[in-house]
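Spelled out from the first residue to the last, the chains are:
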Amino acid sequence: MQAFSFETLERENLGETVYSRVAEALIKGRFAPDARLTIRDLAQSLGTSVTPVRDAILRLIQDEALVQKSAREVRVPVITLRRYREIRQIRLKLEGLAAREAALKAAAKDVEHLRGLIALNERAIADKNWTEGLALNQTFHFALADIADMVVLRGILNRLWLQMGPLIAESYHEGGRAMIENHYAVLAAVEKQDADAAERAIVADITEGGKVILERLISRHDVKAGAA
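If you're wondering where the values come from, they're calculated on a predicted model, not measured in any experiment.

Reading guide: rules and limits
- Residues numbered from 1 in each chain as written.
- Predicted model: local features only at pLDDT ≥ 70, side-chain atom pairs only at ≥ 80, totals over all residues.
- Heavy atoms only, no water.
- Helix = DSSP H or I, 4+ residues; strand = E, 2+ residues; numbered from the N terminus.
- Rg over C-alpha atoms; globule rule 2.2 N^0.38 Å.
- Buried < 20%, exposed > 50% of the residue type's maximum accessible area, 1.4 Å probe, protein only.
- Contact = heavy atoms within 4.5 Å.
- Areas by Shrake-Rupley, 256 points an atom, 1.4 Å probe, with all protein chains shown as cover.
- Lys, Arg positive; Asp, Glu negative; His and termini not counted.
- Charge placed at Lys NZ, Arg CZ, Asp CG, Glu CD.
- Core = buried A, V, L, I, M, F, W, Y, C linked by side-chain atoms within 4.5 Å.
- Expected span 1.5 Å × (residues − 1).
- Salt bridge = Lys/Arg side-chain N within 4 Å of Asp/Glu carboxyl O.
- Phe/Tyr/Trp six-rings, centres within 6.5 Å; stacked < 30°, edge-to-face > 60°.
- Lys NZ or Arg CZ within 6 Å of the ring centre and 35° of its normal.
- Pairing = 2+ DSSP bridges.
- 1 Å grid on protein atoms, 1.4 Å probe; cavity = no way out; pocket = protein on both sides within 12 Å on 5 of 7 lines; lining within 4 Å.
- Points joined across faces, edges and corners; volume = space filled by probe spheres on them.
- Nonpolar A, V, L, I, M, F, W, Y, C, P; charged D, E, K, R; others polar.

Our next topic: the overall build of the protein chain. Each helix and strand in the protein chain was counted, giving ten helices and three strands. Listing every helix and strand of the protein chain by position from the N terminus yields α-β-α-α-β-β-α-α-α-α-α-α-α. A compact globule built from 228 residues should have a C-alpha radius of gyration of about 17 Å, and the protein chain, at 18 Å, falls within 12% of that. Expressed along its principal axes, the backbone C-alpha trace of the protein chain runs to roughly 50 × 50 × 35 Å. Out of the 228 residues belonging to the protein chain, those deemed buried represent 46%. A fraction of 77% describes how many contacts in the protein chain between residues 6 or more apart in sequence connect residues 24 or more apart. On the protein chain, roughly 12,000 Å² of surface is accessible, and the fraction owed to carbon and sulfur atoms is 50%. Placing the 32 positive and 32 negative side-chain charges of the protein chain at their respective mean positions leaves the two points 5 Å apart.

Side chains of nonpolar character tend, in soluble globular proteins, to be buried together. One finds Leu-26, Leu-60 and Leu-144 to be the most contacted residues of the largest nonpolar core, which totals 70 residues. Of all the elements, helix α7 (residues 151-175) adds the most residues to this core, at ten residues.

Quick look at helix α4 (residues 81-105) now. Since the α-helix turns once every 3.6 residues, residues separated by three or four places project in the same direction. Look at α4: 35 Å from first C-alpha to last across 25 residues, which is about the 36 Å you get at 1.5 Å a residue. When we look at burial in α4, the residues that qualify are Leu-81, Tyr-84, Ile-87, Arg-88, Arg-91, Glu-95, Gly-96, Ala-98, Ala-99, Ala-102 and Ala-103.

Under the criterion given, the structure shown has 15 salt bridges. Note that Arg-83 is salt-bridged to Glu-64, the shortest N-O span being 3.1 Å. Taken as a pair, Arg-83 in helix α4 and Glu-64 in the loop between α3 (50-62) and β2 (67-70) lie far apart in primary sequence, 19 residues in all. Taking the relative accessible area as the measure of exposure, Glu-64 reaches 38% and is therefore partly exposed. The residue Arg-154 makes a salt bridge to Asp-146 at a minimum N-O spacing of 2.9 Å.

In this structure the tally under the stated criterion is two aromatic pairs. Their ring planes at 65 degrees and their centres at 6.5 Å tell us that Trp-130 and Tyr-172 sit as a pair that is edge-to-face. Residue Trp-130 is located in helix α6 (residues 130-148), and its partner Tyr-172 is located in helix α7; the two are separated by 42 residues in the primary sequence. Note that Arg-59 overlies the ring of Tyr-19, its terminal NZ or CZ placed 3.7 Å from the centroid.

Here three strands make up an open sheet; going across it, the order is β1-β3-β2 and the pairing antiparallel. Strands with a single pairing partner mark the edges of an open sheet, and in this sheet they are β1 (36-37) and β2. Where β2 meets strand β3 (residues 73-75), three bridges bridge the pair, whose relative direction is antiparallel. Each residue of the ladder has a partner; that of Val-67, found in β3, is Arg-75.

Looking now at the side chain of Asp-110. As for its position among the elements, Asp-110 is in helix α5 (residues 108-126). Residue Asp-110 is classed as buried on the basis of its relative accessible area, which comes to 15%. Among residues more than four places away in sequence, those in contact with Asp-110 are Lys-105 and Ile-147.

Quick look at the layout of surface pockets now. Each pocket or cavity is described by its volume, and for the second largest pocket that value is around 300 Å³. Thr-38, Ile-39, Arg-54, Ala-71 and Arg-72 are the residues nearest the centre of the second largest pocket, which is lined by 15 residues in total. For the lining of the second largest pocket, the elements supplying multiple residues, two or more each, are β1, α2 (39-46), α3 and β3. Per-element tally for the lining of the second largest pocket: the top contributor is α3, with five residues. The class makeup of the residues in the lining of the second largest pocket is eight nonpolar, two polar and five charged.

Right under this line is the structure:
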C-alpha cells in the first residue's frame, strides 16, 4: 500500500477537523491493518501541533477504530474472524434498512447520484485505481443512508466502517466484479421504489463482496491455530 499523507489544515475547528480527516482515512482504507500510527507523524502530515492529533487518536481508540498497544504505540486493529462476522451481521441488518428507506424516499437526483457513483467506480476499476474504487464503494454505501435521511443509522454505520475500512481495502482488488456488480441491482430497485428488492440487493452486495475477506480471515485463523 502506498504511503498516505494529509493536506495541511486550516486553523478553525481544528480538533474536529483532525478527527474527521483521520476517521475518513480509516474508513476509506488509507491505513492497512496493524499499521503503526504516531502522533508526531500525523501532526506533521496535517500541519498541526500534536495536541489536536492526540485528542483525535483518543477518540478513535474509544470508537474502537484504533488500539493502543503501549503508551507510545497506536495501531490500526487487526479484525478477528469472529469480530468480522459480527460486524457483517450488523451491517446486513442496518444497511438493508438504509436501502429500504432509500428506495422509498429517493428523488430523481438521488437516483442519478447513485448512477454517477457506479460509473465513476467502473472507471476506477478499469484503470486499476483501487484506492479510488474503494473510496467510491464506501461513498455508495453511505449514500443510501443519506438518501434514507437516517442520521442515527448513518452514525452507527460510520463507526462500523471505521473498523472495516482497512480490512475491506486489503481485499478490495481481489474481490473484482463482486465489489460492484450488485450496486446495479440496488440502483434499479431504488429507481423503481422497490424496498424489498433494494434490501435484497445490498445484502447480496455485502455477502458476495465479503467472501474474499472471509476467506482471507479464515486462512489467517487456520494459520494461527496451526502455529499454536
